Structures are given as C-alpha cells and as structure tokens.
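Below are the chains, spelled out letter by letter.
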Amino acid sequence: MLETAIKIQQLHKTFGKNVVLENVSLEIPRGETLALLGRNGAGKTTMIRMLLGLLKPDGGSMEIDGCDPTRDAIELRRRVGYLAEDQTMYGWMTPVELCHFLTPFYPAWHQELADDYLERFHIPRHQRIEQLSKGQNVKLGLTLALAHQPNVVILDDPALGLDTIARKEFNRDLIEHLQAAGRTVLFSSHLLDEVEAVADTVAILDGGRIIRQSSTETLRSEVKRIVLTSDGISQVLPPQGLRDVQRFEDQFTVTIDGAADFVEHLTELGVDHEVVDLSLDEIFEAFVIGRTQAWPQSGTPVVV
Ligand SMILES: Nc1ncnc2c1ncn2[C@@H]1O[C@H](COP(=O)(O)OP(=O)(O)OP(=O)(O)O)[C@@H](O)[C@H]1O
C-alpha cells in the first residue's frame, strides 16, 4: 500500500489574471487527517475540485490513492468520498431512495454500512431530504460519502452553517467513523475552534501558497506571542519568523514562528518578557492578517 495517500506537486491554477494557486505542494500520509485552512477565496475549493478531477490545473501534478485526477477521474470517484460545502441533493427523494439511486454508480457501495450510518446519525430514513435540518443534511452527505468505503475522504467546509454544538457533534462523528477506520481525510475549513481536535496536521493556504504546514502540536509549540515593554523591544531587531507586532501604549506583543531562539536571546540580554501560548485561531490570524510594521526602528541585531 502507498504510504502517501495524497500528493500534490507544484499545482498551479489561474482564472484569467487571478492566480489562485501558485505552485502549491502538499502531502498527506495514509491514515492522517489534514485541515486545509484559508480565508474566504483563498483557493481551498479550487484545490479540492482539481483533486477530484472536476477542474483542470494549469500546471503541476496530483496523485490520490494512486490515481491521477486528470486521467483516472472515474476510478478516482470510486476511491474518494466527497462532501461539498453546498451539497445539493435531490430534495424530493428520501435518504433511503437516494441511497438506492446511488448504488449502481459505486461497485463498492455497502448498503448495510449506509443503513448503519443513517441510524447512528439519527437521519429519518423516509423523510424527504428537503425537509431535513441542516445538520441532518450534512450527516446524510457524510453517509453518502462513506457508504462506498473510500480510502480517502475529502470534505469541503463540511460544518459550514451548523451551530456550535452541531459542529462539535459532526467532528465527533468524523473522528469516530473516519479516523478510527484509518481513512485519510482532507477537509477544508475557516472555522478553527474545532479543527484542533480533529486534525493531525494543518496547512495554511494564503496568497496562492501553502505558507505553513505542520502538526497542530508543533504549530502551537513553535508559534508564540511575546509581550515586551517598548524599552525592551528597542534593544533587539525583528527576528526571523516574525508574523505580527501590535503596540498597546507602552507594551508590545509580537507573534513569532520559531519563538524559542528569540526567547533565549531575550533571556541572555536580560530583557524582561512574557511568553504567551496561542490558540490555533490566534496563530492562523497572525499568519494571514499579521503585520510587522509596528516594530520600532532602533535596536541591536538579534542572532537567531
Ligand atoms: N470558475 C471560476 N471562475 C473564475 N474565478 C473563480 C472560479 N472559481 C473560483 N474562482 C475564484 O478563485 C478564488 C478562490 O476561490 P475558492 O472558491 O477556491 O476559495 P475558497 O478558499 O474555497 O473560499 P471559501 O472559503 O469562501 O469557500 C476566488 O477569487 C474565486 O473568485
């Protein structure tokens, strides 16, 4: 079995003059869950649509579970489960009717498994789909994405539009039913509060590039906020990995990717400072909207 379930190399996509993905590379090992994070319009759906063979890239290569989406789109559909952010299903059908309708399209469709999910997710089997709640709709989408036993599951902002509790419940189901079964999961999101509990790895997509990919644990241990006085900050130059600087009267808070060396340097210089742990939400914010212009002009070089 291949060790890497999803491999993207130098993927490039433009719409007219809009460069949406600029030579993006990404790998997801088999059995892992990766959360693709990005602001609205960052290119998450575009990347996912290319991975599914629904959109042609302008350059680069992709491999999903051994398939090239630009060549083996039909085989790929059989191996990959997909839940779109705005999944529209035939509203006049019932969940059971929809399952029967889909069965012939998937050789590996497992109706008992589908029935099992419908029951576990408390989806009314004989109620018209248009009468289901948003949460039930998302879970029905997940059921349909899983019933053909795919090795890889791609979820495009699956929890969009769900309330906080429904999102938590959805994530719990995701963990129980996908991760426990050893599936490889790629899901996109801009709702970060629950990503941490679900994802092994996060990749931040911004400005057409993956600007950071690492485990959530590593990210939280390497990216820190440091609080300094204006006197303290004036003794040092901006370090490598600086993502954000904010000034509040006499105090500066700086967010640094790879903060350990800088902290060591401050300690050596005897500069008073406080190190603050960040949530994934705050880290994401520093990466995508962080600004560093507020760092004061004077300072001595920081060797990091
Ligand atoms: N078919 C298309 N034609 C032209 N431009 C497009 C097309 N599809 C997407 N875009 C543009 O590509 C960019 C990325 O869009 P995309 O939907 O991939 O972002 P996203 O990260 O999924 O956003 P969101 O979180 O809002 O769903 C946007 O600027 C969008 O307007």
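What this report covers is the structure whose coordinates are included nearby. Everything numeric here is computed off the predicted structure, so don't read it as measured data.

This brings us to the sheet that holds strand β3 (residues 33-37). Strand order in the open sheet formed by 6 strands is β5-β6-β7-β3-β8-β9, with mixed pairing between adjacent strands. For this open sheet the edge positions go to β5 (80-83) and β9 (209-215), each flanked by a neighbour on one side alone. Going from strand to strand, the sheet's axes swing by 15° on average, the running direction of each strand aside. By the bridge criterion, 4 bridges tie β3 to strand β8 (residues 201-206) in an arrangement that is parallel.

Ring pairs (aromatic) are described by centroid distance and by the angle formed between their planes. In this structure the tally under the stated criterion is 6 aromatic pairs. Here the aromatic rings of Y117 and F121 are separated by 5.5 Å at their centres, their planes lie at 20°, and the arrangement is stacked. For the pair shown, Y117 and F121 are each scored as buried. Here the aromatic residues Y90, W92, F101 and F105 are joined through ring pairs into a cluster of three or more.

Moving on: the nonpolar core. One finds L142, L155 and V195 to be the most contacted residues of the largest nonpolar core, which totals 47 residues. Mapped onto the domain boundaries, this core takes at least three residues apiece from domain 1 (4-207) and domain 2 (219-289). If sequence neighbours within four positions are ignored, L155 has contacts with I48, L83, L142, L174, L178, V185, L186, F187 and S188. In terms of nonpolar packing, the next biggest core, distinct from the first, is built from 28 residues, I28, L36, L52 and C67 among them.

Definitions and limits used
- Residues numbered from 1 in each chain as written.
- Predicted model: local features only at pLDDT ≥ 70, side-chain atom pairs only at ≥ 80, totals over all residues.
- Heavy atoms only, no water.
- Pairing = 2+ DSSP bridges.
- Helix = DSSP H or I, 4+ residues; strand = E, 2+ residues; numbered from the N terminus.
- Axes fitted to C-alpha atoms, helices over the stretch in contact; angles between N-to-C directions.
- Phe/Tyr/Trp six-rings, centres within 6.5 Å; stacked < 30°, edge-to-face > 60°.
- Buried < 20%, exposed > 50% of the residue type's maximum accessible area, 1.4 Å probe, protein only.
- Core = buried A, V, L, I, M, F, W, Y, C linked by side-chain atoms within 4.5 Å.
- Domains from an automatic or database assignment.
- Contact = heavy atoms within 4.5 Å.

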